[in-house]
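# Observations on the three-dimensional arrangement
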Amino acid sequence: MSIESVDVIVTSPGRNFVTLKVTTSDGVVGWGDATLNGRELSVASYLSDHLASMLIGRDEDRIEDTWQYLYRGAYWRRGPVTMAAIAAVDMALWDIKAKKAGMPLYQLLGGASRDGVRVYAHASGTDFAALSNAITGYRELGFTAVRVQTGVPGLGQIYGVSAAGPGVRYDYEPAKRSGDRPAEETWDTRQYLNHMPGVFAKIREEFGTDLRLLHDGHHRMSPIEAARFAKDVEPYDLFWLEDATPGEDQTALRLIRQHSTTPLAIGEVFNTVYDYQTLITERLIDYVRSAVTHTGGITAMKKLLDFAAIYGIRSGIHGPTDISPVGMAAALHLDLAIHNFGIQEYMPHNEQTLEVFQTSFTFDKGFLHPGDQPGLGVELDEEAAGAFEYTKAYLPVNRLLDGTVHDW
Ligand code: GCO
Ligand code: MG
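Let me begin by describing the structure that accompanies this report.

The rules we used
Residues numbered from 1 in each chain as written. Chains lettered and ligands numbered in written order. Predicted model: local features only at pLDDT ≥ 70, side-chain atom pairs only at ≥ 80, totals over all residues. Heavy atoms only, no water. Core = buried A, V, L, I, M, F, W, Y, C linked by side-chain atoms within 4.5 Å. Buried < 20%, exposed > 50% of the residue type's maximum accessible area, 1.4 Å probe, protein only. Helix = DSSP H or I, 4+ residues; strand = E, 2+ residues; numbered from the N terminus. Domains from an automatic or database assignment. Contact = heavy atoms within 4.5 Å. Arc of directions from axis to C-beta. Axes fitted to C-alpha atoms, helices over the stretch in contact; angles between N-to-C directions. Parallel < 35°, antiparallel > 145°, perpendicular 65-115°, else oblique. Nonpolar A, V, L, I, M, F, W, Y, C, P; charged D, E, K, R; others polar. Phe/Tyr/Trp six-rings, centres within 6.5 Å; stacked < 30°, edge-to-face > 60°. Lys NZ or Arg CZ within 6 Å of the ring centre and 35° of its normal.

A general tendency of soluble globular proteins is for nonpolar side chains to be buried together. Residues Phe200, Ile203 and Val288 are the most contacted members of the largest nonpolar core, which totals 117 residues. The element that contributes the greatest number of residues to this core is helix H3 (residues 80–101), accounting for 13 residues. In terms of domain composition, this core takes at least three residues from each of domain 1 (3–103) and domain 2 (108–373). In this view, Val288 contacts Ile266, Tyr276, Ile280, Met301, Leu304, Leu305, Ala308, Ile313, Arg314, Ser315, Gly316 and Ile317; residues no more than four positions away in its chain are not counted. Judged by nonpolar contacts, the second largest core, of 8 residues, contains Tyr120, Leu214, Trp240 and Ile343.

See below:
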């Protein structure tokens, strides 16, 4: 048996997705998520213009060999576009292997280590009342963990908060269809640092101490600002503070660790284990945030998480709506199987997306389960996908009050 065809499907059911379809000579189809929010067509071209011809005729069962062939064969190492393309191929081949074995993928990864995958939702609000409503809504749905993001008085639209007012889902994940350039937002870290600890105090006062609270700093603080923030929020027992400071300067986390025991999560913008080497070996983080879709797929993610396990570091796989249901399913199979599972991000996809992707993972009282369909358990409806044309979209650009470009 061999790979007979490789197709790249770009669709936009409310937001852009790139999906790889690999079909074997026996007609077995595997799917892979190749979505890189805001730069989707780069990955689509990498797959269709460069990798597809390399895959035709290869033995679909040789997953590790294919991974090494694509990684080392590129010559140029790493990066989000390359690793998203390799991830899509890897996911599709694992989907095929599990389908041929007649098993859900997690069974090939060692079987279930738990009954379900604890997930966290995104609670946000322009002010505390709206945030409190959102938290209440997610608790009523059974979530035991919520990420909390709120507006900062004096600042307008900022990351993580829906501009559409209370109760409306945060809609920036899909990136903004803002024509030929990104939308711009204004930021001021000092106002944020002075505002947020009081928000956590009010949340703990209103919702008690059981609820797991997560917060995303989204790369916007300097190391010393992040150290202050982590120390200031220590009394509110966060499950994690995410992307407290840009993580590519891995040694910056040493400063935060010197000042606080607030658990730290980093890595959604990383794409190989090498981005984590110091963070993991020096235990500068507590959770690995990469998405299967951006980090070379299931093969690479399993190796990364096994490496992290040696240092007592757990998974916190990235799962916003710009990870497709295929990428989400891949995460859930890994989440169920690995021992050092931490938590899984879960932003439910919109109705249009679920018209295109037929999923079999299920949500029950704050936990997801990937299901027991053979393979990943997600199928793409190509006809439905064809109805949603690609529209260029950008993630926003942030500027400080004086106009300096800043991390968003
Ligand atoms: C998260 C991420 C997202 C990113 C988005 C970019 O924690 O889910 O920070 O909110 O901004 O994935 O495409
Ligand atoms: Mg994040």
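Moving on, there is more to tell.
Looking now at helix H2 (residues 63–73). Along H2, the positions that sit buried rather than exposed are Ile63, Thr66, Trp67, Leu70 and Tyr71. For H2, the angular spread of the buried residues around the axis is 125 degrees, confining them to a single face. The secondary structure elements touched by the buried residues of H2 are helix H1 (40–55), H3 and helix H10 (297–310). Where H2 terminates, the next one or two residues include Tyr75, which has phi positive at roughly 70 degrees.

Now for the packing of H3 against H10. Close contact between H3 and H10 brings their axes to 6 Å; oriented N to C, the two are set at 95 degrees. When the axis of H3 is compared with that of H10, the two are roughly perpendicular. Each of Ala87, Asp90, Met91 and Trp94 in H3 lies in contact with H10, whose residues at this interface are Gly297, Ile298 and Thr299. Residue composition of the contact of H3 with H10, grouped by class: 4 nonpolar, 2 polar and 1 charged.

How two aromatic rings sit relative to each other is set out by the distance from centre to centre and by the angle between their planes. Scanning the model with the defined rule gives 16 aromatic pairs in all. Judged by centre distance (5.4 Å) and plane angle (85 degrees), the ring pair of Tyr138 and Phe143 falls under edge-to-face. Judged by relative accessible area, which is 18%, Tyr138 ranks as buried. Taking relative accessible area as the criterion, Phe143 reaches 6% and is therefore assigned buried. Summarising the aromatic geometry, the rings of Tyr346 and Phe363 are spaced 6.1 Å apart at their centres and angled 25 degrees between planes, so their arrangement reads as stacked. Of this pair, Tyr346 sits in the loop between strand S12 (344–345) and helix H12 (351–356) while Phe363 sits in strand S14 (residues 362–364), and the two are 17 residues apart along the sequence. Of the residues examined, Tyr346 reaches a relative accessible area of 13% and is grouped as buried. Feature note: the residues Tyr120, Phe239, Trp240 and Tyr287 constitute an aromatic cluster, connected by ring pairs. One residue, Arg220, lies across the ring of Trp187, its end atom 4.2 Å from the ring centre. A cation sits over an aromatic face here: Arg220 above Tyr192, 5.3 Å from the ring centre.

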